[in-house]
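Fold and contact review
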Amino acid sequence: MYKTFIKPLFVDVKTFVLDTLFPISCLSCGAEGGFICADCKATMKVLEHQRCIVCQKNTPFGITHPHCQTPHGADGLISFYDYHDEKVSKILIAGKYSFIPMTYEILGQMIAKQLKLQHPDLTSANSYELAYIPLHSTRQRWRGFNQAEVLCQSLSQNLGLACTSVLVRCKVTKTQKDLKKSSRLKNVVGAFALSPRALNHKSEILNHKFLLVDDVTTTGATLQEAAKILKRRGAAKVVCLTVARD
Ligand SMILES: [Zn+2]
Ligand SMILES: [Zn+2]
């Protein structure tokens, strides 16, 4: 009786009370019902071209141009939305600075769908593993979550690929968006290291292929620095994935 009738009723009442007291509204347009409403989901500006992570010029499928590729550089970068679209930046900023990790769960679902359609080679079973750009422990404690990790877990659930913690951030860096292009590279040099788990188990990285996840990229400097750590340890491929490109 409880299970079939009262429990669902209780859940409905609880949801109703919570929705009434704390209505969830779209982080972009304010419409009630979800952190990203259906209308904004459908109209967020999708990027038409992918750019090489090294020279920033257009490249098919986000593949690093052969002449730009270095032994320890990322093999590609795929970004989905245009950060210059106010809707996109509003959602990403509000999710991060208003402490709403669920925003990144939803974004993970959205980009997983697109990735499956556009890049079946990256999403087939046992092909790639997911890794994410870590936050420094002090920043993560302050924010309470790492948006890139939440994204990564959501992608993992939606794509059926494993998500591993292979990197740590060993240096507190300034926020990249506050810096000029020339200072960004310097700012992230030496920012990442292998996690203790990856350090102890060489086989966790050697010959593995990774999709390296972050929320936004501008110059690609952060992703390149993290990719370098994985490549130096013997990763076969590192393809970077971001929700948006600035
Ligand atoms: Zn909206
Ligand atoms: Zn290039």
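Each chain carries its own residue numbering, running from 1 in the direction its sequence is written. Following the order in which they are written, the chains are lettered starting with A and the ligands numbered starting with 1. The model is predicted, so local features are restricted to residues of pLDDT at least 70 and side-chain atom pairs to those at 80 or more, both for listing and for counting; the totals for chains, interfaces and linings are taken over all residues. Each side-chain value is derived from all of the structure's non-hydrogen atoms; neither hydrogens nor water enter the calculation.

**Regarding the packing of helix H8 (residues 181-188) against helix H10 (residues 221-232)**
Two elements in contact, H8 and H10, have axes whose closest approach is 9 Å; the angle formed by their N-to-C orientations is 30 degrees. The pairing of H8 with H10 is recorded here as roughly parallel in orientation. Here the hand of the crossing between H8 and H10 comes out right-handed. For the pair H8 and H10, contact is made by Arg-184, Leu-185 and Val-188 and by Ala-221, Thr-222 and Glu-225, respectively. A per-class count over the contact of H8 with H10 returns three nonpolar, one polar and two charged. For helices, the fitted line uses only the C-alpha atoms of the stretch in contact; every axis is such a line through C-alpha atoms, and the angle between N-to-C directions lies from 0 to 180 degrees. Only DSSP runs of H or I reaching four residues or more are called helices, and only runs of E reaching two or more are called strands; each is numbered from the N terminus. Should an angle fall under 35 degrees it is taken as roughly parallel, and over 145 as roughly antiparallel, whereas 65 to 115 is taken as roughly perpendicular and any remaining angle as oblique. If you view the pair so one helix is near and one far, a crossing is left-handed when the near helix is turned anticlockwise from the far one by less than a right angle, and right-handed when it is turned clockwise. By definition in these notes, contact holds between two residues if any of their heavy atoms fall within 4.5 Å. Gly is put with the polar residues, along with every residue not named as nonpolar or charged; the nonpolar set is Ala, Val, Leu, Ile, Met, Phe, Trp, Tyr, Cys and Pro, and the charged set is Asp, Glu, Lys and Arg.

**Side note on the pairing of strand E2 (residues 129-132)**
Burial of E2 is two-sided: the residues Glu-129 and Ala-131 facing one way and the residues Leu-130 and Tyr-132 facing the other way are all buried. By definition, two strands form a pair when at least two bridges between them are found by DSSP. Pairing of E2 with strand E5 (residues 209-217), which is carried by four bridges, proceeds in the parallel orientation. By the bridge assignment for E5, Leu-130 is matched with Leu-211. Burial classes follow relative accessibility: with a 1.4 Å probe on protein chains only, a residue under 20% of its type's maximum area counts as buried, one over 50% as exposed, and anything between as partly exposed.

**Topic: the coordination of the zinc ion (ligand 2)**
Tetrahedral coordination by four donors puts the ideal angle at the metal at 109.5 degrees, and octahedral coordination by six puts it at 90 or 180 degrees. In this listing, donors mean N, O and S atoms no farther than 2.8 Å from the metal, or 3.2 Å for Na, K and Ca; water is missing from the atoms, so a site can look incomplete. All of the protein donors around the zinc ion (ligand 2) are Cys-52 (SG), Cys-55 (SG), His-65 (ND1) and Cys-68 (SG); their distances to the metal are 2.1 to 2.3 Å. Here the zinc ion (ligand 2) is ringed by four donor atoms whose angles at the metal span 95 to 118 degrees, and the overall shape comes out tetrahedral. Donor residues for the zinc ion (ligand 2), ordered by position in the chain, follow C-x2-C-x9-H-x2-C. A residue pair is termed long-range when its members are at least 10 positions apart, and Cys-52 in the loop between helix H2 (38-43) and strand E1 (76-82) and Cys-68 in the loop between H2 and E1 qualify at 16 residues. Considered together, Cys-52 and Cys-68 belong to a single accessibility category, that of buried residues. Between 85 and 135 degrees for all angles marks four donors as tetrahedral; over 155 degrees for opposite donors together with 65 to 115 for all other angles marks four donors as square planar and six as octahedral; every other arrangement is irregular.

**A few points about the coordination of the zinc ion (ligand 1)**
Protein coordination of the zinc ion (ligand 1) is provided by Cys-26 (SG), Cys-29 (SG), Cys-37 (SG) and Cys-40 (SG), with donor distances spanning 2.3 Å. Of note is the zinc ion (ligand 1), whose four donor atoms meet at the metal with angles of 103 to 116 degrees in an arrangement that counts as tetrahedral. Donor residues for the zinc ion (ligand 1), ordered by position in the chain, follow C-x2-C-x7-C-x2-C. Classification of Cys-37 as buried rests on a relative accessible area of 11%.

**What to know about the packing of aromatic side chains**
The geometry of an aromatic ring pair is captured by two quantities: the separation of the ring centres and the angle between the planes. A pair of aromatic rings is counted whenever rings of Phe, Tyr or Trp (Trp by its six-membered ring) have centres within 6.5 Å, and the orientation is called stacked for planes under 30 degrees apart, edge-to-face for over 60 and tilted otherwise. Per the stated rule, a full pass over the model turns up one aromatic pair. Between Phe-99 and Trp-142, the ring centres sit 5.6 Å apart and the planes meet at 70 degrees, which makes this aromatic pair edge-to-face. Here the residue Phe-99 occupies a position in the loop between helix H3 (86-97) and helix H4 (102-118), and Trp-142 occupies one in helix H6 (residues 137-143), the gap between them amounting to 43 residues. On the basis of relative accessibility, which here comes to 40%, the residue Phe-99 falls in the partly exposed class. Under the relative-accessibility criterion, Trp-142 is labelled exposed at 56%. Our definition puts a charge over a ring when NZ of Lys or CZ of Arg is within 6 Å of the ring centre and also within 35 degrees of the ring normal. Directly above the aromatic system of Tyr-97 lies the positively charged group of Arg-143, at a separation of 5.6 Å from the ring centroid.

**Quick notes on the pairing of E1**
Counting buried residues in E1 gives seven out of seven residues, a clear majority hidden from the surface. By the bridge criterion, six bridges tie E1 to strand E6 (residues 237-245) in an arrangement that is parallel. The residue of E6 that forms the bridge with Ser-79 is Thr-242.

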